[in-house]
Amino acid sequence: MIPLRRRAALSLPFAALAAPAYAQTFPSRPIRMLVPWAPGGTTDVQMRALCEQASRRLGQPIVVENRSGAGGVLGAQALLTAQPDGYTLSQMPISVFRQPLMNSRALFDPLNDFTYVVHVTGYLFGTVVHPESPWQTMTQLVEHARANPGQLNYGTPGVGTSLHLTMEQIARNQRIEWTHVPFRGFAENIQSLLGKQTQVLADSSGWSPMAEEGRVRVLATWGNTRAKRFPNIPTLKEQGINIASISPYGLAGPKGMDPNVVRRLHDAFREAIFDPTHVAVLDRYDMIPDHKDPADYVAFVRQTMAEEKELIDALGIRLS
């Protein structure tokens, strides 16, 4: 009869052997990171900076692959058919959690179809107009929209994104009508505004450098407090619109990933999030680190889906 303490000691090597071999040597080749937005936008720039820092800690390249369109869910869709070996990850915008809430035929189940690795940050959003436009404040823009129902066109990065839902929430809050024009990403959205095809841009802070140069005019930022970089621009709340939106996001992989691989990825990306080089990129866009480990991230997804369902039902938005 083997003593209990000795039996426990003998079991440890066998437990280690039970883990897949790749988990013990992970990563041994490049990792693919899906970014479901167009190149050159806020998310693309931030994710490339994050991946560069994480790759230094993992000892393998992390290759960013842009898959723009469909409101930011193409990365999540790709995870459904990817191997759960840790070599395919995706940025997970909040639109991933909304998709099944707005469609009668959901593409995926956010709580059961993915492995959540790490939560990263959230956007600074804003309402932006052409510098030659007549509006200096959100109040003036809303008054114009109220006097001209449906005639103002606003652009966002896609249907079902935080930008789309928040603009419709503003319209409902202020009892106005305006027309949504979805684009594949920031580059198309800003080009349309500068070309005066659309009158209003709602997007993350890729507009910041243009605002500092006077090439666009920011009417409001969407956080609970003013952006550090734009202290003279009031929030929506300060202009009588009791709404805040920051759209937090993180990283996930296919369901069924080995916990040891998840831990390795989480630890590398956690360090990368707070690396000064990455933080400098966040500062450029008035974003802040918002780390959550896998367990906290899953709890956040569950809470977010409950809150988003209430908002979507109130706005009556359905995609199919």
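Being a predicted model, the structure only gives us computed values, none of them experimental.

Here's the deal with the overall build of the protein chain
Then, in step 1: The helix and strand inventory of the protein chain stands at 12 helices and 11 strands.
Then, in step 2: Relative to the globule expectation of 20 Å for 320 residues, the C-alpha radius of gyration of the protein chain, 22 Å, shows essentially globular dimensions.
Then, in step 3: In terms of principal-axis extent, the alpha carbons of the protein chain reach across some 85 × 40 × 30 Å.
Then, in step 4: Across the 320 residues that make up the protein chain, the buried fraction comes to 54%.
Then, in step 5: Of the contacts formed within the protein chain by residues at least 6 apart in sequence, a portion of 75% connects residues at least 24 apart.

Considering helix α5 (residues 95-102)
Then, in step 1: The buried count for α5 comes to eight of eight residues, which makes it a mostly enclosed element.
Then, in step 2: When we look at burial in α5, the residues that qualify are Ser-95, Val-96, Phe-97, Arg-98, Gln-99, Pro-100, Leu-101 and Met-102.
Then, in step 3: Those residues of α5 that are buried are in contact with α4 (74-79), β3 (88-92), β4 (114-122), α7 (162-174) and α12 (294-315).

A short note on the environment of Gly-41
Then, in step 1: Relative to the assigned elements, Gly-41 resides in the loop between β1 (31-35) and α3 (42-58).
Then, in step 2: As for Gly-41 and Asn-148, which are separated by 107 residues in sequence, their C-alpha atoms are 31 Å apart.

A closer look at the environment of Asn-112
Then, in step 1: Position of Asn-112 among the secondary structure elements: in the loop between α5 and β4.
Then, in step 2: On a C-alpha basis, the gap between Asn-112 and Thr-161 in space is 21 Å, while along the polypeptide they are 49 residues apart.
Then, in step 3: Looking at Asn-112, its side chain comes within polar contact range of the side chain of Asp-109, at 2.6 Å.

Brief notes about the pairing of strand β7 (residues 179-182)
Regular strands place side chains that alternate from one sheet face to the opposite one.
Then, in step 1: With four bridges joining them, strand β6 (residues 153-156) and β7 adopt parallel strand pairing. Each bridged residue has a counterpart across the sheet, and for Tyr-154 the counterpart in β7 is His-180.

Let's talk about the packing of α5 against α12
Then, in step 1: Between α5 and α12, whose axes approach to 9 Å, the crossing angle comes to 50°. One finds that α5 runs oblique with respect to α12. Between α5 and α12 the crossing geometry is right-handed. Contacts between α5 and α12 involve Phe-97, Arg-98, Pro-100, Leu-101 and Met-102 from the former and Val-301, Thr-304, Met-305, Glu-308, Lys-309 and Ile-312 from the latter.
Then, in step 2: Among the residues forming the contact of α5 with α12, the class breakdown is seven nonpolar, one polar and three charged.

Looking at the environment of Ala-306
Then, in step 1: Residue placement: Ala-306 occurs in helix α12.
Then, in step 2: Each C-alpha atom, one on Ala-306 and one on Phe-97, is 9.6 Å from the other, the two residues being 209 residues apart in sequence.

Some remarks on the sheet that holds strand β9 (residues 217-221)
Then, in step 1: As summarised here, the arrangement of the five strands in space is β7-β6-β8-β5-β9, forming an open sheet in which the pairing is mixed. This sheet does not close on itself; its edge strands, each paired only once, are β7 and β9. Averaged over all neighbouring strand pairs, the angle between strand axes comes to 30°, with direction disregarded.
Then, in step 2: Where strand β5 (residues 125-129) lies against β9, four bridges are found, and the strand directions are antiparallel. Opposite Gly-126, over in β9, you have Thr-221 as the bridge partner.

Topic: the sheet that holds β3
Then, in step 1: The six strands are arranged β2-β1-β3-β10-β4-β11 in an open sheet whose pairing can be described as mixed. Two strands lie at the open edges of the sheet, namely β2 (62-66) and β11 (289-292), each paired on one side alone. On average, adjacent strands in this sheet sit at an angle of 25° to one another, irrespective of strand direction.
Then, in step 2: As defined by bridge partners, β3 adjoins strand β10 (residues 248-254) across three bridges and the pair is classed as antiparallel.

A look at the pairing of β2
Then, in step 1: The pairing of β1 with β2 spans five bridges and is parallel. The residue bridging Arg-32 from the neighbouring strand is Val-63, located in β2.
Then, in step 2: After leaving β1, the chain enters α3 and then returns to the sheet as β2, a path that is right-handed.

Some points on the packing of aromatic side chains
Then, in step 1: This model, assessed by the stated rule, comprises 10 aromatic pairs.
Then, in step 2: Pairing Phe-125 with Trp-222 gives two aromatic rings, centres 5.7 Å apart and planes at 70°, and the pair type is edge-to-face. Here Phe-125 is found in strand β5, whereas its partner Trp-222 is found in the loop between β9 and β10, with 97 residues between them in sequence.
Then, in step 3: Pairwise contacts between aromatic rings join Phe-97, Phe-108, Phe-114, Tyr-116 and Tyr-297 into one cluster.
Then, in step 4: The ring centre of Tyr-87 lies 3.7 Å from the NZ or CZ of Arg-29, which sits over that ring.
Then, in step 5: Sitting over the face of the ring of Phe-300, Lys-292 holds its NZ or CZ atom 4.8 Å from the ring centroid.

Some words on the side chain of Asp-286
Then, in step 1: Within the secondary structure, Asp-286 sits in the loop between α11 (276-284) and β11.
Then, in step 2: In this structure, Asp-286 is buried with no salt-bridge partner, the nearest side chain bearing the opposite charge being Arg-229 at 4.8 Å.
Then, in step 3: Reaching out from Asp-286, the side chain makes a polar contact with the backbone nitrogen of Arg-229 at a distance of 3.0 Å.

What counts, and where the lines are drawn
- Residues numbered from 1 in each chain as written.
- Predicted model: local features only at pLDDT ≥ 70, side-chain atom pairs only at ≥ 80, totals over all residues.
- Heavy atoms only, no water.
- Helix = DSSP H or I, 4+ residues; strand = E, 2+ residues; numbered from the N terminus.
- Rg over C-alpha atoms; globule rule 2.2 N^0.38 Å.
- Buried < 20%, exposed > 50% of the residue type's maximum accessible area, 1.4 Å probe, protein only.
- Contact = heavy atoms within 4.5 Å.
- Polar contact = N/O pair within 3.5 Å; in protein donor to acceptor, adjacent residues only side chain to side chain.
- Pairing = 2+ DSSP bridges.
- Axes fitted to C-alpha atoms, helices over the stretch in contact; angles between N-to-C directions.
- Parallel < 35°, antiparallel > 145°, perpendicular 65-115°, else oblique.
- Left-handed = near helix turned anticlockwise from the far one by under 90°.
- Nonpolar A, V, L, I, M, F, W, Y, C, P; charged D, E, K, R; others polar.
- Right-handed = clockwise from strand over helix to strand, strands pointing away.
- Phe/Tyr/Trp six-rings, centres within 6.5 Å; stacked < 30°, edge-to-face > 60°.
- Lys NZ or Arg CZ within 6 Å of the ring centre and 35° of its normal.
- Lys, Arg positive; Asp, Glu negative; His and termini not counted.
- Salt bridge = Lys/Arg side-chain N within 4 Å of Asp/Glu carboxyl O.

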